[in-house]
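# Results of the structural survey
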Amino acid sequence: MKICFVAEGCYPYVVGGVSSWIHNMIKSFPEHEFIIMAIVSDRSQRGKFVYELPENVLEVRELYLSDSDWSEAAKDDNSGKRVNRRIKKRLSKSEYYSLRSLIINEDPEWDQLFKLFEKKTLSVDKLLMGRDFLYAVKEAYGKYHSDMVFSDYLWTMRSIYLPLFLMLKSNVPQADIYHCVATGYAGVLGAKARSLYKCGLIISEHGIYTREREEELVKAKWVQGIYKNIWIDQFKKMSYLAYQKADIITSLYKYARELQIELGAPVSKLKITQNGINTERFSNIAGKLEEDKEYTNIGAVLRVAPIKDVKTLIRAFYYAKKHEPSLRLFVMGSYEEEPEYAQECFDMVDSLEIQDVIFTGQIDVRDYLGRMDCTILTSISEGQPLTILEGYAAHKPCIATDVGNCRGLIYGEGDDFGEAGILTHIMNIDEISEAMVFMAQNPIQRQKMGEAGYKRVMEKYTNKMMVDTYRNIYEGFEKEEQGSKEVSEQWLV
């Protein structure tokens, strides 16, 4: 069976989290072939893979949210120069009304739009700058936003629809199943494939895409006022499409499922599929080194990025270190993906003159996790963090902000193993600092929490449990496809 994973901004360019999950899934199903449709911002990221692709990956197709209009109607001529052979005629009446339904958000005719963007003569650039798009935007402006400056509104709409139209224009390969690890642009591509090929479509959300984009936009400086709401509405529109087209929609925990329902996901399609890790990888890792014995080591396994809120982590450690000098902080993960933010974090450590903060860069977590006394995660958004589960597999408790499923991982959901760490509020420096001090000063309770975490991960979050769940899902599509073939053969006879 051929499965197409569709991912935005992660695999195979970024280590950790969703990327690790995808990589593990591909390796766990060697009997299947995989195509990767990787959505990234622009061509500057082309081919910059940080994973060695498994043998059962047939190809990686890269798609860019900001790009030139590389349509079939503009191929190179013999001179090697770009030429424009696009047909300049207007959209047909039915095509225009499908475009209009999307822009004014009145029951968008997505199947018609998928067919429209399959036309080789369609130019994304010319569509955005053409009369058809202008007329549809004028109608949306008069209906919803007539108090705004029209020229600003028009250019905002062009910037909003450029990445969507580029995705719609993309060539989607044929596969038996499309497995999208988010809604958003990935979900749009999955929905297009579902419409064109009648393939299976799975949406697996590790975090709720629409909510994550909403949180980012609320804090963003590049977009202001009502324009934030226009962008948010666009992401809701795309997520709703993915939910409606999907055969199965998975989430990691109960609250995420509730958010999906709130955003329009049909209850009958929803399934909770918890994360899982290979616990055996952490069964025989080395313990503390001689140099570690005078310290209480706290390990943050993360990308140095704003969503992980490393600055709050540093500030909290600064105050904790004043109360408990034995503390030492390891920040274990890549700092090359967001270099400006990473440099701000380095500068903060220097300006506050904080001792015993170590940025390791990208590492094999098994080389360090045994040296830690606990792990920590100060993110402002998460799903069901693999780093917490990996810490549990190494008998390490965690400190985590109350995001995603961190509460369930720490306190348990349907088990009586007890607390496996300390939960704090987002960006609460005092609480996070106090939690670090507690872990340093209470080794017996810390060890007890670590054992509770170990029992929890072994009970509910092993890789085998997760893989078995998805094997049943994949086999369900395979049996359905086989049944359809048998019916067709009977009709032929």
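What counts and what doesn't
Residues numbered from 1 in each chain as written. Predicted model: local features only at pLDDT ≥ 70, side-chain atom pairs only at ≥ 80, totals over all residues. Heavy atoms only, no water. Pairing = 2+ DSSP bridges. Helix = DSSP H or I, 4+ residues; strand = E, 2+ residues; numbered from the N terminus. Axes fitted to C-alpha atoms, helices over the stretch in contact; angles between N-to-C directions. Contact = heavy atoms within 4.5 Å. Polar contact = N/O pair within 3.5 Å; in protein donor to acceptor, adjacent residues only side chain to side chain. Salt bridge = Lys/Arg side-chain N within 4 Å of Asp/Glu carboxyl O. Buried < 20%, exposed > 50% of the residue type's maximum accessible area, 1.4 Å probe, protein only. pLDDT = per-residue confidence, 0-100. Expected span 1.5 Å × (residues − 1).

### Comments concerning the sheet that holds strand 5 (residues 200–204)
Sheet strands pair by backbone hydrogen bonding; their relative direction is either parallel or antiparallel. The sheet built from seven strands is open, its strands ordered 3-2-1-4-5-6-7 with parallel pairing. On the outer flanks of this sheet lie strand 3 (57–64) and strand 7 (270–272), each paired with one strand and no other. Strand-to-strand twist of the sheet, defined as the mean angle between neighbouring strand axes without regard to direction, takes the value 20°. By the bridge criterion, three bridges tie strand 6 (residues 248–251) to strand 7 in an arrangement that is parallel. In the sheet register, T250 faces strand 7, and the bridge partner there is K271.

### Quick notes on the sheet that holds strand 9 (residues 327–332)
Spatial strand order, 10-9-8-11-12-13: six strands in an open sheet with parallel pairing. This sheet does not close on itself; its edge strands, each paired only once, are strand 10 (357–361) and strand 13 (421–424). Sheet twist, expressed as the average angle between the axes of neighbouring strands with direction ignored, equals 20°. Taken together, the four bridges between strand 12 (residues 398–401) and strand 13 define a ladder with parallel strand orientation. If you follow A400 over to strand 13, its bridge partner there is L423. Strands in contact with helix 16 (residues 429–441) are strand 8 (296–301), strand 9, strand 11 (374–377), strand 12 and strand 13; relative to strand 13, the strand with the most contacts, it is inclined by about 170°.

### Structural notes on unusual backbone geometry
Cis peptide bonds are those with omega within 30 degrees of zero, and the linkage from Y11 to P12 qualifies with 0°. Mapped onto the fold, P12 is located in the loop between strand 1 (2–8) and helix 1 (18–28). Phi is positive for E353, which is not a glycine, with a value near 55°. Within the secondary structure, E353 sits in the loop between helix 12 (339–351) and strand 10. Look at D356: it is not a glycine, yet its phi comes out positive at around 65°.

### A few points about the side chain of E382
In this structure, E382 sits in the loop between strand 11 and helix 14 (386–393). A polar side-chain atom of E382 sits 2.6 Å from a polar atom in the side chain of K308. For E382, the side chain forms a polar contact with the side chain of S379, separated by 2.7 Å. Setting aside its immediate chain neighbours within four residues, E382 contacts Y253, K308, L377, V403 and G404.

### Some remarks on the pattern of salt bridges
Here the structure, examined in full by the defined rule, presents 29 salt bridges. R100 is the salt-bridge partner of E139, the closest N and O atoms lying 2.7 Å from each other. On the criterion of sequence distance, the pair formed by E139 in helix 5 (residues 131–144) and R100 in helix 2 (residues 93–103) is long-range, its members being 39 residues apart. With relative accessibility at 31%, the residue E139 sits in the partly exposed group. With a shortest N-O distance of 2.8 Å, K245 and D111 are connected by a salt bridge. Linking K245 in helix 9 (residues 226–245) with D111 in helix 3 (residues 110–118), this pair joins segments that are 134 residues apart in sequence. You can call D111 partly exposed: its relative accessible area is 36%. When salt bridges with common partners are traced through the structure, they connect E31, K464, D468 and R471 into a single cluster.

### Points about the environment of K115
Topologically, K115 is positioned in helix 3. Overall, the relative accessible area of 57% leaves K115 in the exposed class. Once the C-alpha coordinates of K115 and C374 are considered, the two residues, 259 residues apart in sequence, prove to be 53 Å apart.

### Regarding the confidence of the model for the protein
Here the protein averages 92 in pLDDT, and 93% of its residues register 70 or above. Taken together, the stretch residues 72–80 has pLDDT below 50 and engages in 18 contacts with residues farther than four places along the chain or on a different chain. In this model residues 485–493 is a low-confidence stretch, pLDDT under 50, and it forms zero contacts with partners more than four residues away in sequence or in other chains.

### A word on the pairing of strand 8
Across the six residues that make up strand 8, a large majority, six, are buried. The alternating pattern of strand 8 places T296, I298 and A300 and N297, G299 and V301 on opposite faces, both of which are buried. For strand 8 and strand 11, the ladder comprises two bridges, and the chain directions are parallel. The residue of strand 11 that forms the bridge with G299 is T375.

### Some points on helix 11 (residues 310–323)
Under the 1.5 Å per step criterion, the end-to-end length of helix 11 is 20 Å for 14 residues, consistent within 8% with the ideal 20 Å. Within helix 11 the residues assigned to the buried category are V310, T312, L313, I314, A316, F317, A320 and K321. Packing partners of the buried residues in helix 11 comprise strand 8, strand 9, helix 12, strand 10, strand 11 and helix 16.

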